[in-house]
Amino acid sequence: MENVMELPKRSHILGAGFEVPRTVVRNDDLSSVLSTSDEWIIQRSGIRERHYVDDGNGSSALAERAARQAIAAAGLTPADIDLLICATLSSDIDFPGNSSFIQQRLGLGGILAFDVRNQCSSFLYMLSVADQYVRTGGARHVLVIGSEVHSTGIEYADRSRHVTVLFGDGAGAVVVGPSPDDNRGLLTINLHSEGAHAQKLCLLGPASLSKPRLALDWTPDDISGWPQMDGRFVFRHAVTRMGECIEEALAAIGAGKDDIRMLLPHQANLRINQLVAMGLGISDDRMANNIERYGNTTAATIPILLAETLAAGRIHDNDLVCLSAFGSGFTWGAALLRW
Ligand code: ACO
C-alpha cells in the first residue's frame with residue numbers, strides 16, 4: 001500500500017517570545033532634543049516610553065534572543081526548526097538580509113531562511129507563509145521573527161518629530177507548527193496591499209535610485225535619508241483598513257464581532273486601535289495594547305504583544321484571537337486563530 005504522509009489540517013502558534021533592549025527612553029528624554037512634550041506624545045499616540053539599543057547591537061541580536069525564548073516556549077530546541085522567516089526594515093546591513101545573521105546566531109546552518117519586507121504588516125505576511133509551509137508539509141516548525149532597531153535610523157530634529165517620537169526598538173518571535181487539534185490554530189488570514197500610497201510613509205535612501213547622489217552629496221540636512229510620513233493620511237487609512245479586514249476575516253469563518261475574545265492590533269498609535277475597537281464594539285478587556293511602553297516596533301509589535309498577553313494569562317483555550325496590522329506600502333491584513 002502507498003505510504004501517504006498525513007498533512008496537518010491547521011497550523012498554530014506553538015510558542016512566543018520577545019526581547020527589548022534595557023535602555024528606556026521616556027518622552028521627557030526626547031523633549032530635551034526635540035520640540036515636543038510628554039503631554040503631546042501621550043495625547044496623540046498613547047506612548048510614554050520606548051527602548052533603545054546600546055551601541056553595537058543590531059536587529060539580528062534582538063531577534064536571536066526573542067527567537068530562543070519562542071523556541072523554548074514551544075518546548076523545542078533550535079534543532080527542531082526547519083524554516084526561518086524574518087522581517088525588519090532596519091536590517092543590520094544593507095544586504096544580505098537579517099535571515100543570514102539570525103541563522104548564524106542560532107546555529108541553524110543549512111535550513112531554508114529568508115526575509116520578508118512588508119513593514120508593519122510583516123508579521124501577518126510571515127504567518128501566512130509559515131501556515132502554507134506547515135499545511136503543505138514543506139516545513140514542520142517555522143521560526144517567525146520580527147525585529148527592529150529604529151533608534152539609529154530616525155532623525156532627532158524638529159522636522160521629523162512626528163515620526164521620531166513614535167518608534168522604539170524590539171523583537172518578537174513565534175514558532176508556527178502543526179496544530180495538535182484540527183479545530184484550533186489559524187482559521188483564516190487575509191492580506192492586502194496598495195502601492196499607490198507607497199510614498200506616504202517611506203525612506204527614500206540610500207537605495208538604488210538615490211545611492212549615487214546620496215553617497216556623494218548627502219548631508220544630514222537632506223530629508224531623503226530619513227523616514228517620511230504623512231501622519232494624518234496614514235492614520236485615516238489605518239483605522240478604515242484594519243476595521244475592514246477584521247470584518248472580512250470574521251465573514252470568512254462565519255463569526256461575528258462579539259466572538260472575538262482578544263484583539264491584538266499592531267502598535268502604531270493607541271488612538272488608531274481605540275477607533276478600530278470602537279467600530280467593532282470591542283471593549284477594553286477584549287483588546288491588548290503595549291504601545292505605552294514600547295512605541296512602534298514595526299515588524300515586532302504583534303509577536304511582542306502576543307508573547308506578553310500569553311504570559312499575562314489573558315488568552316485561554318478556545319478563545320478566538322484576532323491579529324490585525326496596517327503599515328507602510330500600504331500593507332494591511334487580519335488573522336483569526338482559535339487558541
Ligand atoms: N511634538 C509636538 N508637536 C508635534 C509633534 C511632536 N512630536 N509632531 C507634530 N506636532 C505638531 C504638528 O507640527 C502640528 O502642529 P500645527 O498644528 O501647528 O501645524 C500638530 O502637532 C498636529 O500635527 P499632526 O501631524 O496633524 O498630528 P496628529 O494628531 O495627526 O498626530 C501622528 C501625528 C501621531 C503621527 C499621527 O498622525 C499618527 O499616528 N499617524 C499614523 C502613524 C501610523 O500608523 N504609521 C503606520 C505604521 S508605521 C510603519 O509602517 C513603518
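Use the structure listed above.
Residues numbered from 1 in each chain as written. Predicted model: local features only at pLDDT ≥ 70, side-chain atom pairs only at ≥ 80, totals over all residues. Heavy atoms only, no water.

**Considerations on unusual backbone geometry**
Test applied: Strands here mean DSSP runs of E at least two residues long; helices mean DSSP runs of H or I at least four residues long; both are numbered from the N terminus. Exposure is judged per residue with a 1.4 Å probe applied to protein chains only, and the accessible area is read against the type maximum: over 50% gives exposed, under 20% gives buried, and values in between give partly exposed.
The omega torsion of the bond from phenylalanine 95 to proline 96 falls at 0°, within 30 degrees of zero and hence cis. Mapped onto the secondary structure, proline 96 falls in the loop between β4 (83-87) and α4 (98-106). At the junction of glycine 329 and phenylalanine 330, the peptide bond is cis and its omega measures out at -15° in the coordinates. Looking at where phenylalanine 330 falls in the secondary structure, it is placed in the loop between β12 (320-327) and β13 (331-338). You will see that glutamine 119, though not glycine, has its phi angle at about 50°, which is positive. Overall, glutamine 119 belongs to the buried group, its relative accessible area being 16%.

**Quick look at the packing of aromatic side chains**
Each aromatic ring pair is characterised by the separation of its centres together with the angle its planes make. To be explicit about the condition: Any two of the Phe, Tyr and Trp rings considered here, Trp counted by its six-membered ring, make a pair once their centres fall within 6.5 Å; the pair's planes then place it as stacked at under 30 degrees, edge-to-face at over 60, or tilted in between. Geometrically, a charge over a ring is one whose NZ (Lys) or CZ (Arg) sits within 6 Å of the ring centre while staying within 35 degrees of the ring normal.
For the structure shown, the criterion picks out 5 aromatic pairs. Taken together, a centroid distance of 6.4 Å and an interplanar angle of 65° make the contact between tyrosine 52 and tyrosine 156 edge-to-face. Here tyrosine 156 lies in the loop between β6 (142-148) and α6 (161-164) and tyrosine 52 lies in strand β3 (residues 49-52), a separation of 104 residues in the sequence. Ring-pair connections join several aromatic residues into one group, and the members of that group are Phe233, Phe326, Phe330 and Trp332. A cation over a ring is seen here: lysine 200 above phenylalanine 233, with NZ or CZ 4.4 Å from the ring centre.

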